[in-house]
Structures are given as structure tokens and as C-alpha cells.
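Survey of secondary and tertiary structure
Now for the letters of each chain:
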Amino acid sequence: KDLKTGKTDFALTSTKDLFLTLQAPRFLREGDKIELVTMLVNNTSRTLQTNVSLYLSLNEEKAQELFKLNKTEQEIALAPKEQKVLTWQLEAPADIGTIKISAVARSGSLLDGEEKVLPLLPSRQRLIESETISLKEGINKLSVENLLRDKTLQLETVQLNIAPSLIMPALNAM
């Protein structure tokens, strides 16, 4: 039989005429100030007048105002085979949850977009503090001034548990 062999090489490139990428961090913390970056690429042979929109939601609710996003749309002209970067200034609100960032680029019938979901984490640590206070007979006032001394603390919840003295029933039983 015939033992002929052969080899061939070829390269394949797949592109979009209008291409958008959204560069976002993996997470945000309350109060973070960031510059969100969108990169646009025009792979056509003509100039594209492009409208880029940015949408933000926090816990599935519209949140442009919460993030202090002044402009949600930008216009840009992309020359043939050109790429440009657009930036957006954001400040994370004092809240926690899930952020969805969507960027959409439109130029005539061309459309591309990207969406990222990331967590909004607290910027502070949660501390649980407990204190045992004994009330003396005839005193019916309780003070928690130590919780109010540190002005950097932000109180979320104060829980008061009143438990009768456990030694009294034991002494009375003797």
C-alpha cells in the first residue's frame, strides 16, 4: 500500500465588528471609590459613532444614584480598527449585597455588552460585646455609657438580657 503523509496549518480568527469589555474588580467594600473601565474595539473598516451605557443595580434594584454615577451614557467616535478606553467614576454606598454592572455599546445595528456580578462587602468588622452588670437592691437604673464612649463605633443593635441571679434560688433552698 501507499504510505503518503501530509500536514497543513491554518489560523482562524473570530471577531466582532464592535467589541466591548468591562473591567471590574472582584468585589467592592462600602465607601470604595473606583474607576470602572470599559474598552471598545472597532473591527470594521469605517468610523463608528458609538453610544456606551452603564447600568448598576444593588440587590436587583436600580442603583446609579447610590453609586454617585453622574453620567450613565458616553458618546465616542471609533476610527477603523481603533480601540479606546472609557472610564466611569463610582463610589460604593454604605450597604451590603450583590452588585450587577452592565455595559452596553451601540452603533447603528451593531451591539455588544458585558455584565458582571460582584459582592458589596462591609467596610467594618462586626463586634459583639457583652457585659455583666449586677443590680443592687433598691436600684432600678441601668447605664450602658461604655457603648457610647467610642465615637467611631456604629451601633446597629443593642440587646439587653435580664436574668435573675442564679445563686438566690440555691441559697433559698438551703
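Predicted model only: the values in this text are computed from it and were never measured. (Residues numbered from 1 in each chain as written. Predicted model: local features only at pLDDT ≥ 70, side-chain atom pairs only at ≥ 80, totals over all residues. Heavy atoms only, no water.)

1. So, the overall build of the protein
- Per the secondary structure count, the protein includes two helices and nine strands.
- Along the protein, from the amino end to the carboxyl end, the secondary structure elements read β-β-β-β-β-β-β-β-β-α-α.
- Taking all 174 residues of the protein together, 26% fall into the buried category.
- Partitioning the intrachain contacts of the protein with sequence separation of at least 6 by distance along the chain shows that 66% fall at a separation of at least 24.
- In the structure as shown, the protein presents an accessible area of about 13,600 Å², 52% of it carried by carbon and sulfur atoms. (Helix = DSSP H or I, 4+ residues; strand = E, 2+ residues; numbered from the N terminus. Buried < 20%, exposed > 50% of the residue type's maximum accessible area, 1.4 Å probe, protein only. Contact = heavy atoms within 4.5 Å. Areas by Shrake-Rupley, 256 points an atom, 1.4 Å probe, with all protein chains shown as cover.)

2. Considerations on the sheet that holds strand E7 (residues 83–91)
- The strand order E1-E3-E7 describes an open sheet built from three strands, whose pairing is antiparallel. Only two strands of the sheet have a single partner each, and these edge strands are strand E1 (18–23) and E7. Each adjacent strand pair in this sheet contributes to an overall mean axis angle of 20°, direction not counted.
- Bridge count for E1 against strand E3 (residues 33–42) is six bridges, and the pairing is antiparallel. In the strand pairing of E3, Phe19 is matched with Val41. (Pairing = 2+ DSSP bridges. Axes fitted to C-alpha atoms, helices over the stretch in contact; angles between N-to-C directions.)

3. Focus on unusual backbone geometry
- Phi is positive for Lys68, close to 55°, though the residue is something other than glycine.
- Within the secondary structure, Lys68 is located in the loop between strand E5 (61–62) and strand E6 (73–78).
- Positive phi, close to 60°, is recorded for Lys81, a residue that is not glycine.
- Summarising the element assignment, Lys81 is placed in the loop between E6 and E7.
- Take Lys81: its relative accessible area is 60%, and that puts it in the exposed class.

4. A word on the nonpolar core
- Residues Leu28, Leu36, Leu40, Val52, Phe67, Ile99 and Ile101 are the most contacted members of the largest nonpolar core, which totals 28 residues.
- For this core, the secondary-structure elements that each account for two or more residues are E1, E3, strand E4 (48–58), E6, E7, strand E8 (97–107) and strand E9 (110–121).
- With five residues, the single largest contributor to this core is E4.
- Those residues in contact with Val52, other than ones at most four positions away along the chain, are Leu20, Thr38, Leu40, Thr72, Glu73, Gln74, Ile76, Leu86, Trp88, Val104 and Ala105. (Core = buried A, V, L, I, M, F, W, Y, C linked by side-chain atoms within 4.5 Å.)

5. Description of the pattern of salt bridges
- Overall, the coordinates contain six salt bridges when judged by the stated rule.
- Asp2 serves as the salt-bridge partner of Lys4, at 3.6 Å between the closest nitrogen and oxygen.
- Assessed through its relative accessible area of 72%, Lys4 is described here as exposed.
- Between Glu114 and Lys116 there is a salt bridge, and its shortest N-O distance comes to 3.7 Å.
- Glu114 gets classed as partly exposed once you look at its relative accessible area, which sits at 26%. (Salt bridge = Lys/Arg side-chain N within 4 Å of Asp/Glu carboxyl O.)

6. What to know about the side chain of Thr50
- Examined against the element boundaries, Thr50 turns out to sit in strand E4.
- Excluding residues that lie within four positions of it along the chain, Thr50 makes contacts with Leu18, Gln74, Glu75, Ile76, Leu78, Ala105, Arg106 and Ser107.

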